[in-house]
Amino acid sequence: MREESFVRDKLLPVGTVVAVLIIIWYVAVVYLNAPFERDTAARAGTEISFSQIVHNTMAQERPVLPAPHQVIAEIWDTTVNKPITSKRSLVYHAWITLSATLLGFGIGGVLGILLAIGIVHNRAMDRSLMPWVIASQTIPILAVAPMIIVVLNAIGISGLLPKALISTYLSFFPVVVGMVKGLRSPEAIQLDLMHTYNASQAQTFWKLRWPSSMPYLFTSLKVAVAISLVGAIVGELPTGAVAGLGARLLAGSYYGQTVQIWSALFMAAALAAVLVMIVGFAHTAVLKRMGAKP
């Protein structure tokens, strides 16, 4: 059996895909930003060569599509060159969004687990609540978020909690679906064996259903934590927030700062990747603790 190589089997394929995407990105930069350069040259009554177009499109102040090096430079400037307490720092904005993400993720995770337990153990909840849980996700979050913000502001609740509730609205669903599947994953023969031991419903739950659901739980938590971040960002848009990644995107949209928008998007993507990795590490640790083979 061939021995696995990190460079050949992981680094090289991923690096190749990333390199191809960057090349396509640079080609798109020239294609999308060239009309502005041609119009500028036409208004000035001058001719512009292709090499000048390529050079100028890579350094436009407000490009239609910023070049990769412009986005990297903006991220470096707003993370390394700015103190984390500065309102121009992406770290500062990321922390504000992260706080709402984690609160909403926590509430959504607990709520999803409790609903899944009720659905599995109560036939009435299974037939009545589960369809409503599924139907709740058919409503676009962009339509729900302003209503949640306005209603909560009307009763004097503002700040972190409204954004967290929007994250909760998105994150509880994958946890419910995953845990229902996980709690029902034990085979009939395993449940029959618990009955022969005269095990109570609680004993069956803690000794069979709950351990069997762990792989499903952590898989759904990976989805939930990523979508919770999306909910926190969306929750910052209708409030006119002045801080957070959503506010950063909103400000960039107002003033046509596409480089700022893309840097905030990349920060959000990096933050989501880190959160998913943390859940993955927790998954590995729990399965190892339960005796699973690596």
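What counts and what doesn't
- The residue numbering used here restarts from 1 in each chain and proceeds along that chain's sequence as written.
- Two thresholds apply to this predicted model, a pLDDT of at least 70 for residue-level local features and 80 or more for giving and counting side-chain atom pairs, whereas whole-chain, interface and lining totals are computed over all residues.
- In computing side-chain properties, one takes all heavy atoms of the structure into account and sets aside hydrogens as well as water.
- The helix and strand labels rest on DSSP assignments: H or I over at least four residues marks a helix, E over at least two residues marks a strand, and numbering proceeds from the N terminus.
- The globule rule is 2.2 Å times the number of residues to the power 0.38, and the radius of gyration it is compared with is taken over C-alpha atoms.
- Partly exposed describes any residue whose relative accessible area lies between the buried limit of under 20% and the exposed limit of over 50%, with all areas from a 1.4 Å probe on protein chains only and scaled to the type maximum.
- It only takes one pair of heavy atoms within 4.5 Å for two residues to be counted as in contact.
- The Shrake-Rupley method, run with a 1.4 Å probe sphere, supplies the accessible areas, and residue values consider only the shown protein chains as cover.
- For the purpose of counting charges, residues Lys and Arg are taken to be positive, whereas Asp and Glu are taken to be negative. His and the chain ends are not included.
- Taken as the charge location is NZ of Lys, CZ of Arg, CG of Asp or CD of Glu.
- Take the buried residues of types Ala, Val, Leu, Ile, Met, Phe, Trp, Tyr and Cys, join any two whose side-chain atoms come within 4.5 Å, and each joined set is a nonpolar core.

1. Digging into the overall build of the chain
Then, in step 1: Scanning the chain from N- to C-terminus turns up 11 helices and 0 strands.
Then, in step 2: Listing the helices and strands of the chain from first to last along the sequence gives α-α-α-α-α-α-α-α-α-α-α.
Then, in step 3: Over its C-alpha atoms the chain spans a radius of gyration of 25 Å, topping by over 25% the 19 Å that the globule rule assigns to 294 residues.
Then, in step 4: Taking the principal axes of its C-alpha atoms as reference, the chain extends roughly 90 × 65 × 35 Å.
Then, in step 5: Across the 294 residues of the chain, 39% fall into the buried class.
Then, in step 6: A separation of at least 24 residues holds for 72% of the contacts in the chain among residues at least 6 apart in sequence.
Then, in step 7: Carbon and sulfur atoms make up 69% of the accessible area of the chain, which totals about 17300 Å².
Then, in step 8: Charge-centre separation for the chain: the mean point of 21 positive side chains lies 11 Å from the mean point of 13 negative side chains.

2. So, the side chain of T101
Then, in step 1: One can find T101 in helix α4 (residues 90–121).
Then, in step 2: Judged by relative accessible area, T101 falls into the buried class, the value being 0%.

3. Some remarks on unusual backbone geometry
Then, in step 1: Unlike most non-glycine residues, N198 shows phi in positive territory, near 60°.
Then, in step 2: For N198, the position within the fold is in the loop between α8 (188–196) and α9 (201–236).

4. Observations concerning the nonpolar core
Burial of nonpolar side chains together is a common tendency in soluble globular proteins.
Then, in step 1: Core analysis: the biggest nonpolar cluster contains 35 residues, and V175, V176, M179, L217, L221 and L245 have the highest contact counts within it.
Then, in step 2: At the level of elements, α4, α5 (123–136), α7 (160–183), α9, α10 (245–255) and α11 (258–289) are the ones that each hand at least two residues to this core.
Then, in step 3: The next biggest cluster of nonpolar side chains, apart from the first, holds 10 residues, and it includes I141, I148, L152 and V234.

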